[in-house]
Amino acid sequence: MKELVVATNNEHKLKEIRNILKDYKILSLKDINFCNSILEDENTFEGNSLKKATIVSKYCSKNTIADDSGLCISLLNGEPGVFSARYSNEGTDDANIEKVLKKLNGKESSAKFISAITIVFTNGNHETFIGECKGKIILEKKGKYGFGYDPIFFVEKYKKTFAEMKDIEKNEISHRRKALDKLKQYLENNL
């Protein structure tokens, strides 16, 4: 079975990636003993995912994928964007949601989740794949599943927030799923 390192220790992301890339042995940062922190200081999702995948691939000499993803809200001019995970001072899911709702000041807004997944090969070549999921931000948290902004991200087609969807349902339509499907297709055709 072919191996891919995923430049994350986020259990939610690892689970989702393992579910989608079932034909690959997926290794986490923990599995390769990578303990350094990587400063995500690029101003695009693509830049951050490339930076993470490059650093980790050089460290372990394995093909490595990295995801950078976040929420872009229309009424907030694309915020929180690349700062999604650390939007509030506390950087917790609840504090981030609270900041978004405060800035929206009682208004719902169209929004989209974006995922940029970059694969860096051991020879240094790379490819990036983008996935998007459109929805809207609602003003009240709903649901008990998921993480991050899932309780306020409402998908019109399903009449549910991401947090009201079980993993199997969310993974069918998520931004990360769409990017991973593109990556999977690329790997099937090129590896």
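An unreviewed UniProt entry annotates the protein chain as dITP/XTP pyrophosphatase of Gemelliphila asaccharolytica. According to UniProt, the comment filed for the protein chain under the heading Sequence similarities (unreviewed entry) is "Belongs to the HAM1 NTPase family." In the Subunit (unreviewed entry) part of its UniProt record, the protein chain is described as follows: "Homodimer."

Right, let's get into the pattern of salt bridges. Oppositely charged side chains are able to pair whenever their charged atoms sit close together. Enumeration over the complete set of coordinates arrives at 18 salt bridges. Residues Asp-150 and Lys-170 are paired through a salt bridge, measuring 2.7 Å at the closest nitrogen-oxygen approach. Linking Asp-150 in the loop between strand S5 (126–137) and strand S6 (153–155) with Lys-170 in helix H4 (residues 167–173), this pair joins segments that are 20 residues apart in sequence. A single burial state applies to Asp-150 and to Lys-170, both of which are buried. Note that Glu-172 is salt-bridged to Arg-177, the shortest N-O span being 3.5 Å. Residue classification places Arg-177 among the buried residues on the basis of a relative accessible area of 18%. Connected through shared salt-bridge partners, Lys-13, Glu-16, Asp-67 and Arg-176 make up one network.

With numbering aligned to this structure, UniProt lists the feature "binding site: Mg(2+)" (unreviewed entry) at Asp-68. Its place among the elements puts Asp-68 in strand S3 (residues 64–73). Not counting chain neighbours up to four residues away, the residues in contact with Asp-68 comprise Glu-40, Thr-44, Phe-45, Asn-48, Ser-49, Lys-52, Val-82, Ile-114, Ser-115 and Ala-116. Here Asn-48 takes part through its side chain, which lies 3.2 Å from a polar atom of the side chain of Asp-68.

About the criteria used
Residues numbered from 1 in each chain as written. Predicted model: local features only at pLDDT ≥ 70, side-chain atom pairs only at ≥ 80, totals over all residues. Heavy atoms only, no water. UniProt positions renumbered as here; feature names shortened; annotations may be inferred. Salt bridge = Lys/Arg side-chain N within 4 Å of Asp/Glu carboxyl O. Helix = DSSP H or I, 4+ residues; strand = E, 2+ residues; numbered from the N terminus. Buried < 20%, exposed > 50% of the residue type's maximum accessible area, 1.4 Å probe, protein only. Contact = heavy atoms within 4.5 Å. Polar contact = N/O pair within 3.5 Å; in protein donor to acceptor, adjacent residues only side chain to side chain.

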